[in-house]
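# Structural features, examined
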Amino acid sequence: MKSNKPTDIAIIIIFSIVLLLPFVGMVFNIEPKMVLKEQRIPARFPEVGPDLKSIIKFPIALGEYFERTYGFRALLINLHTVIMADYFGNIDKKSVLFGKDGWLFWAGDKELDQYRAISPFTVDELRRYRRILKERVIFCRERGIKYLFVVSPNKTSIYPEYMPEWITKASNESYLDQLTTFIKDDPEIPFMDLRPYLFSAKRQAALYYKNDTHWNSYGAFIGYQAMMKKITEWFPQMKPFKFSDYNIEYVPKTGGDMPVFLSAENKYTELEPKFRPKYIPGYYDADTEPFYMAKKTLSRPLLITKVNNPTLLKCLIFNDSMMINLKPFVSEHFRKTVYIWDYLSHNFEDTMVEYDKPDLVITEQGERFIKRLNENTVPVRQAYLRWLYKKSALHETAAKTGSDFSRSIKPEGKTSIEAKGPDMILKSAEKKVSFKIETPKSITVPGIFRVIIDSPSDANLAVSRPEGSQQDDYNNFSIMLKKGPNEIFINMEGLKKDRVILLSIDAVKSVSLKNPEMVRSSD
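Report on the accompanying structure. Please read all numbers here as calculations on a predicted model, not as lab measurements.

Cut-offs applied
- Residues numbered from 1 in each chain as written.
- Predicted model: local features only at pLDDT ≥ 70, side-chain atom pairs only at ≥ 80, totals over all residues.
- Heavy atoms only, no water.
- Pairing = 2+ DSSP bridges.
- Helix = DSSP H or I, 4+ residues; strand = E, 2+ residues; numbered from the N terminus.
- Axes fitted to C-alpha atoms, helices over the stretch in contact; angles between N-to-C directions.
- Contact = heavy atoms within 4.5 Å.
- Salt bridge = Lys/Arg side-chain N within 4 Å of Asp/Glu carboxyl O.
- Buried < 20%, exposed > 50% of the residue type's maximum accessible area, 1.4 Å probe, protein only.
- Patch = residues over 30% accessible without salt bridge, like charges linked within 9 Å, V, L, I, M, F, W, Y side chains within 5 Å.
- Areas by Shrake-Rupley, 256 points an atom, 1.4 Å probe, with all protein chains shown as cover.
- Phe/Tyr/Trp six-rings, centres within 6.5 Å; stacked < 30°, edge-to-face > 60°.
- Lys NZ or Arg CZ within 6 Å of the ring centre and 35° of its normal.

What follows deals with the sheet that holds strand S11 (residues 360-366). For sheets, the rule is that strands pair by backbone hydrogen bonds, running either parallel or antiparallel. Spatially, the seven strands line up as an open sheet ordered S4-S3-S11-S9-S10-S8-S7, and their pairing is mixed. With partners counted over all chains shown, the strands left at the sheet margins are strand S4 (191-193) and strand S7 (283-286), one partner each. On average, each strand axis in the sheet is tilted by 20° relative to the strand beside it, whichever way the strands run. Bridge count between strand S9 (residues 313-319) and strand S10 (residues 334-341): seven bridges; the pairing is parallel. Pairing of leucine 316 across the sheet is with valine 338, part of S10. Sitting on the sheet, helix H9 (residues 217-234) touches strand S3 (146-152), S4 and S11, and the angle it makes with S3 is about 170°.

Now the structure itself:
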C-alpha cells in the first residue's frame, strides 16, 4: 500500500500538538477561558508528608490532580464531545442518550431503568407509599390545610417516540402507572398524574426542551392548568390563567442541562416559548425569613414570593427543578408562596407547616425521583394514627376482648406501678420511668395502642420494639412530652418477637397513664 507522505506528516504534527497541549497549557497558562460545570470539589495540589504512607500515596494523588487540571482540559473535553456526537452519534450511555431527530434524553438517576420498567414497585412499597401520602393528608387536614401531591412526568414518558430504537422495555407498565393504579381509588389522597394532560396537548406545541430534561414554559403551563382544576375545587375564588392571557414568543435558547453535562453548551440551540403576560404581574421575590434561612442549604434552595393582596391565600410547596417554569404562574395566586427545592431528600417537613400555617401544601415531585419518598416525621405519623384510631369501627378495648388491657402494662427496671386499673401511676427510683406493653395473646390482630401520659414536666419519650419486628424504623421513635396530659398513639402491627413495646421517659420520676386502650385499625 502506497504511503501518502504529506497526509502522514500532517497526522503526526496534529497528534503531537494534541499531546503537547496539556503540558503547554500548564506551563505557559495560555489556554482559552472555558469553564466545565462539574459537580466536583476544586482540585488541590497534593501534599506529601515525611511518613512512608504519604509518600506512597503521592504519585496516585498527583495523577488525580493532573487529570483534573491539565492544560486545555476544557477545550479537549469539549472537542471530544463534539466529535463523538457529530461523527459517532453517541457518548456515555450512563448519562446522556442521543435520541431521534436531535433529541437528548437523560439516563441518570435511574431514569432509563424507569423507562424500561426494570425493578418495579413491590406491593409492600406501594402500600408504604400510600401510607406516607395519607399521613401527610391527615396531618394537614387536622390543621385545616389542603394537601396535593403532583408528579411531573419524565420527558421519556411524554416523548417515547424519540427514544433510541435499541432501548427495549421489560414491561409496558411504568412505575408511575403502578402508583397511579394503586392510589387512584383512595379518596383520601389528592394524587395528580399530569401525563394525560400533557399527552392531550403535545400536538399543540413542543412541551419539553429537546436539549434539557425539563418541560418548557408551554409544558409547565399545561401542568399548571391541570393543577388548578383540582385547586379550584377547594378554592373556587381562584381564577386560573388562560393562554389568551399571554403573548407567546419563541426565542433562541442555547445549552440546557444535558449540553452542560456534555461540556458542549454552545453546540446546542433550540427555540423556547416565552410567556409574556398581558396583565401586570403581581408577584415578587421576597426576602427570605430568618426561620427559613436556617432551613436553607446548598442542596435545598429556598424561595419566597409574595403578592401585595391580603385577600389571597398562602401556599407551601416542596418541589424539585420542574417547578422552575411553574413558579411564574402559581405565584400570582397566593399572597405568600414558599418554595423548598428539596431535590436530594424530598422530605415533608411538619415544622414548616406549623410555622407558616398555609392554606395549601403541594408536593411536586419529578417522575424520575418517584421512588425517593422518605418517611414522615413523628408528629405527622401521630396525626395519622390518631385518625385511624378515631375512624376504627372495632374498638377492641379491654372489656370487648375479655381481658384487662391495663395488666399488659408492666414496669421495667426500677419503675414500679403504684395503682392498677383503668388509670395507673408509674414511679421510678431514678430519673427515668420505663415500662413495657405486652400485647394480650387474646388479641390476634394487634392495631393501635392509645394512652394519655400525664407528665409532671417536659420530657422525652422513647418508644422501641424488639429486633425481628416489622417496620422497626417506622415504629422506633422518640417524641417530646409537654407538661400535663399527652395523647400518644403506637402502631402495634407487625410485632413478632415477644409481642412487646418498650417505653422510657427521661427526666421524670413518675407519670400517670390514663385510659390505656387498643383498637384494631380499619384502614
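Right, picking up where we left off after that structure.
Further remarks concern the pattern of salt bridges. Tallying each qualifying case throughout the model produces 28 salt bridges. Salt-bridge contacts for glutamate 349 lead to lysine 295; the nearest nitrogen and oxygen are separated by 3.9 Å. Taken as a pair, glutamate 349 in the loop between S10 and helix H13 (350-356) and lysine 295 in the loop between helix H11 (290-293) and strand S8 (302-307) lie far apart in primary sequence, 54 residues in all. For the pair formed by glutamate 349 and lysine 295, the shared burial category is buried. We note a salt bridge from lysine 336 to aspartate 356, for which the minimum N-O separation is 2.7 Å. You can see lysine 336 sitting in strand S10 and its partner aspartate 356 sitting in helix H13, a full 20 residues away along the chain.

To continue, consider a nonpolar patch on the surface. Judged by side-chain polarity, Ile248, Tyr250 and Leu271 come together as a nonpolar surface patch covering roughly 280 Å² of accessible area. Structurally, the position occupied by isoleucine 248 is in strand S5 (residues 246-254). Owing to a relative accessible area of 32%, isoleucine 248 belongs among the partly exposed residues under this scheme.

Moving on: the packing of aromatic side chains. Applying the stated rule across the entire model yields 34 aromatic pairs. Ring centres of tryptophan 103 and tyrosine 162 lie 4.6 Å apart, and the angle between their planes is 5°; on these two criteria the pair is classed as stacked. Residue tryptophan 103 is found in the loop between strand S1 (96-98) and strand S2 (104-106), and its partner tyrosine 162 is found in the loop between helix H6 (155-158) and helix H7 (175-183); the two are separated by 59 residues along the sequence. Residue classification places tyrosine 162 among the partly exposed positions, given a relative accessible area of 22%. Ring centres of phenylalanine 318 and phenylalanine 348 lie 5.5 Å apart, and the angle between their planes is 50°; this geometry places the pair in the tilted category. Taken together, the residues span a long stretch of sequence, with phenylalanine 318 in strand S9 and phenylalanine 348 in the loop between S10 and H13 at a distance of 30 residues. No difference in accessibility class separates phenylalanine 318 from phenylalanine 348, as the two residues are buried. An aromatic cluster is present here, built from Tyr218, Phe221, Tyr224, Phe241, Phe243, Tyr246, Phe275, Tyr279 and Phe329 joined pairwise through their rings. Over the ring of tyrosine 175 we find lysine 371, and its NZ or CZ is 4.6 Å from the ring centre.

Attention now moves to the environment of asparagine 247. Residue placement: asparagine 247 occurs in strand S5. Once the C-alpha coordinates of asparagine 247 and lysine 274 are considered, the two residues, 27 residues apart in sequence, prove to be 8.1 Å apart. Residues within four places of asparagine 247 in sequence aside, it is in contact with Lys274, Phe275, Arg276 and Lys278.

This part covers the sheet that holds strand S13 (residues 415-419). Sheet architecture is open: five strands sit in the order S13-S14-S21-S16-S19, paired in antiparallel fashion. Taken across any chain shown, the strands that pair with only one partner, and hence form the sheet edges, are S13 and strand S19 (484-491). On average, each strand axis in the sheet is inclined to that of its neighbour by 30°, with strand direction left out of account. Across six bridges, strand S16 (residues 448-455) lies against strand S21 (residues 510-519) in antiparallel orientation. When the sheet's bridge partners are listed, isoleucine 452 is paired in S21 with lysine 514.

With that out of the way, let us pick up the environment of alanine 226. Note on placement: alanine 226 falls in helix H9. Taking the C-alpha atoms as reference points, alanine 226 and leucine 194, 32 residues apart in sequence, are found 7.1 Å from one another. When residues no more than four places from it in sequence are discounted, the contact partners of alanine 226 are Met192, Leu194 and Tyr197.

So far we have only geometry, and geometry alone does not tell us how the molecule works.
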